[in-house]
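# A look at the structure
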Amino acid sequence: MQVLYNKGRFPSDIAFVNKPAARAHPLPPPPEAFRLRDAAWHQASIDQALRHWDGRSDLWVFGYGSLIWRPEFDHLEARRARIHGYHRALCLWSRINRGTPEHPGLVFGLDLGGSCAGTAYRIAGAQVPGILDALWQREMPSGAYIPRWLNCHTAAGPVSGLVFTMDRRDEGYVTGLSTEQIVAIVRQGHGRYGPCTEYVLQTADTLEAVGITDHRLRVIARSLRSSL
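Summary of the structure given here. Note that the coordinates shown come from a computational prediction; the quantities given were computed from them, not determined experimentally.

In a beta sheet, neighbouring strands are held together by backbone hydrogen bonds and run either parallel or antiparallel to one another. Strand order in this closed barrel of five strands is β1-β3-β2-β4-β5, and the pairing throughout is mixed. Across the sheet, the mean angle from the axis of one strand to that of its neighbour is 35 degrees, orientation sign disregarded. Pairing of strand β4 (residues 145-154) with strand β5 (residues 157-166), which is carried by 10 bridges, proceeds in the antiparallel orientation. Of the residues in β5, the one forming a bridge with T154 is G157. Most of the contacts of helix α4 (residues 179-188) go to strand β3 (residues 105-123), to which it runs at about 65 degrees, and overall it touches β2 (77-94) and β3.

With that settled, consider empty space enclosed by the protein. Which parts of space are left empty comes out when a probe the size of a water molecule is rolled across the atoms. A full pass over the atoms with the stated rule returns three cavities of 30 Å³ or more. By volume, the largest cavity is sized at about 350 Å³. Lining the largest cavity are 26 residues, and of these N97, V107, R138, E139 and Y145 sit closest to its centre. Sorting the residues of the lining of the largest cavity by element identifies β1 (59-63), α2 (66-69), β2, β3 and α3 (128-139) as the ones contributing at least two each. With three residues, β2 is the largest single contributor of residues to the lining of the largest cavity. Split by residue class, the lining of the largest cavity holds 15 nonpolar, six polar and five charged.

Centre distance and the angle of the planes are the two values used to describe a pair of aromatic rings. Considering all chains together, one arrives at five aromatic pairs under this definition. Where F62 meets Y64, the ring centres are 6.4 Å apart and the plane angle is 25 degrees; that geometry is what we call stacked. Of the two residues, F62 and Y64, neither departs from the other in class, the shared state being buried. Seen from their ring centres, F108 and Y199 are 5.4 Å apart, and the 40 degrees between their planes marks the pair as tilted. Of this pair, F108 sits in strand β3 while Y199 sits in helix α5 (residues 196-209); the two residues are 91 residues apart in sequence, bridging distant segments of the chain.

What follows covers α5. Taking 1.5 Å per residue, 14 residues should reach 20 Å; α5 reaches 20 Å between its end C-alpha atoms and fits that length. Buried within α5 we find C196, T197, Y199, V200, L201, T203, A204, T206 and L207. Within two residues after α5, G211 carries a phi angle of roughly 85 degrees, on the positive side.

As a further point, take the pairing of β1. Along β1, five of the five residues are buried, which leaves the element largely enclosed by surrounding structure. Here five bridges tie β1 to β3, and the two strands are oriented antiparallel to one another. Its bridge partner being in β3, L59 is matched across the sheet by I123. Where β1 lies against β5, two bridges are found, and the strand directions are parallel.

Cut-offs applied
Residues numbered from 1 in each chain as written. Predicted model: local features only at pLDDT ≥ 70, side-chain atom pairs only at ≥ 80, totals over all residues. Heavy atoms only, no water. Pairing = 2+ DSSP bridges. Helix = DSSP H or I, 4+ residues; strand = E, 2+ residues; numbered from the N terminus. Axes fitted to C-alpha atoms, helices over the stretch in contact; angles between N-to-C directions. Contact = heavy atoms within 4.5 Å. 1 Å grid on protein atoms, 1.4 Å probe; cavity = no way out; pocket = protein on both sides within 12 Å on 5 of 7 lines; lining within 4 Å. Points joined across faces, edges and corners; volume = space filled by probe spheres on them. Nonpolar A, V, L, I, M, F, W, Y, C, P; charged D, E, K, R; others polar. Phe/Tyr/Trp six-rings, centres within 6.5 Å; stacked < 30°, edge-to-face > 60°. Buried < 20%, exposed > 50% of the residue type's maximum accessible area, 1.4 Å probe, protein only. Expected span 1.5 Å × (residues − 1).

Scope: geometric values only; no functional claims are made or implied.
What follows is the structure, encoded as structure tokens:
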């Protein structure tokens, strides 16, 4: 199995736009392929994402998975929002948050195509550095997402929001799994934030509660519950 490491790369909203995705392996990479990004990498990635920020203005962050039900950061405002060009999918092997390198789970990423409804949070400018530092530790332990600034369409008008999209070149990217395969993987996953099953079902329940319809996730949640 070929493993792609993507060394020396920082996420940006322009990188890899015209480059093809790496082949998404049906099985997880070997445990030794997993590595955590260090504080220096995180800071460089944050600096890249904020390169156009004036250092004072409030910023928006878009949540589409656990950030909807557990944002864990102070915010001035939360709005129902939708982005276009990406859809929510269990497309990333989770080897720390909801799994281990030896027994990975799956977490959500924004894969290409379609649209995705979620929540846009407005963060006070003075709190941006501290909040983004914690957010990178949570969302980018291995740097598998590409932070992009996308239009988040809300009832009060569009806002430009920071969105963690799937890096399809990352060795942790996976697609084409059947519902049965997803359920089996999710059931085995347990990481530093708890069981993968809890993560998927909590996301599904929260989306239903706020009136967001995700048909694919609804089927997965039903299958998970029937197998408990």
